[in-house]
Amino acid sequence: MSVSAACGDNHNKVFTSQWTGQYRYSSYTHTVIVGYYTNGTPITVPCHVNVTKKICLMYCAECGEYATTADVPYKEAHSVVHN
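Residues numbered from 1 in each chain as written. Predicted model: local features only at pLDDT ≥ 70, side-chain atom pairs only at ≥ 80, totals over all residues. Heavy atoms only, no water.

Another aspect to go through is the overall build of the protein chain. Looking only at helices and strands, one finds zero helices and three strands in the protein chain. Listing the helices and strands of the protein chain from first to last along the sequence gives β-β-β. Sequence separation of 24 or more characterises 55% of the internal contacts of the protein chain that already satisfy a separation of 6 or more. Roughly 6500 Å² of accessible area belongs to the protein chain as shown, and the carbon and sulfur atoms make up 52% of that amount. (Helix = DSSP H or I, 4+ residues; strand = E, 2+ residues; numbered from the N terminus. Contact = heavy atoms within 4.5 Å. Areas by Shrake-Rupley, 256 points an atom, 1.4 Å probe, with all protein chains shown as cover.)

In structure tokens form, the structure reads like this:
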């Protein structure tokens, strides 16, 4: 006789993914130093970042059961504008 345990919620953390065809978009702004004034003070400008992630369904590689969804990094664009 051979037996195997069902994965249930105890997946082995190795997954296969299936892209849903959908994206998740987000953005944020951070400050970057582009140079220094002669007195040593940093010259800073805002950098706007647009992030695109693919929404994927994750399946247990061992049993094939649906486990969760995940946002998988896809694209990231940085934009700096200064005077």
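Moving on, we get to the pattern of salt bridges. All told, the structure shown has one salt bridge when counted by the stated rule. For aspartate 71, the salt bridge identified is with arginine 24, shortest N-O distance 2.7 Å. Here aspartate 71 is found in strand β3 (residues 66–80), whereas its partner arginine 24 is found in strand β1 (residues 15–36), with 47 residues between them in sequence. (Salt bridge = Lys/Arg side-chain N within 4 Å of Asp/Glu carboxyl O.)

Turning our eyes to something else, we now look at the sheet that holds strand β2 (residues 42–60). Reading across from one edge, β1-β2-β3 is the order of the three strands in this open sheet, with antiparallel pairing throughout. Edge positions in the open sheet fall to β1 and β3, since each of these has one partner strand only. Going across the sheet, the axis of each strand differs from the next one's by a mean of 15 degrees, ignoring polarity. Taken together, the 13 bridges between β2 and β3 define a ladder with antiparallel strand orientation. (Pairing = 2+ DSSP bridges. Axes fitted to C-alpha atoms, helices over the stretch in contact; angles between N-to-C directions.)

If you walk through the whole model with that rule in mind, you get four aromatic pairs. A centroid spacing of 6.1 Å and a plane angle of 40 degrees characterise the contact between tyrosine 23 and tyrosine 25, whose relative ring orientation is tilted. Centroid distance tyrosine 59 to tyrosine 66: 6.0 Å. Interplanar angle 75 degrees. Geometry classified as edge-to-face. Linked through ring pairs, Trp19, Tyr23, Tyr25 and Tyr74 together constitute an aromatic cluster. When the ring centre of tryptophan 19 is taken as reference, the NZ or CZ atom of lysine 54 above it lies at 4.6 Å. (Phe/Tyr/Trp six-rings, centres within 6.5 Å; stacked < 30°, edge-to-face > 60°. Lys NZ or Arg CZ within 6 Å of the ring centre and 35° of its normal.)

Here we come to the confidence of the model for the protein chain. Confidence in the prediction of the protein chain, expressed as mean pLDDT, is 85, and 82% of residues score 70 or more. Of the regions scoring below 50 in pLDDT, residues 1–6 engages in zero contacts with residues more than four places distant in sequence or in other chains. (pLDDT = per-residue confidence, 0-100.)

What follows deals with the environment of valine 72. Relative to the helices and strands, valine 72 is located in strand β3. Residue classification places valine 72 among the partly exposed positions, given a relative accessible area of 33%. Considering only alpha carbons, one finds valine 72 and arginine 24, 48 residues apart in sequence, at a separation of 9.3 Å. (Buried < 20%, exposed > 50% of the residue type's maximum accessible area, 1.4 Å probe, protein only.)

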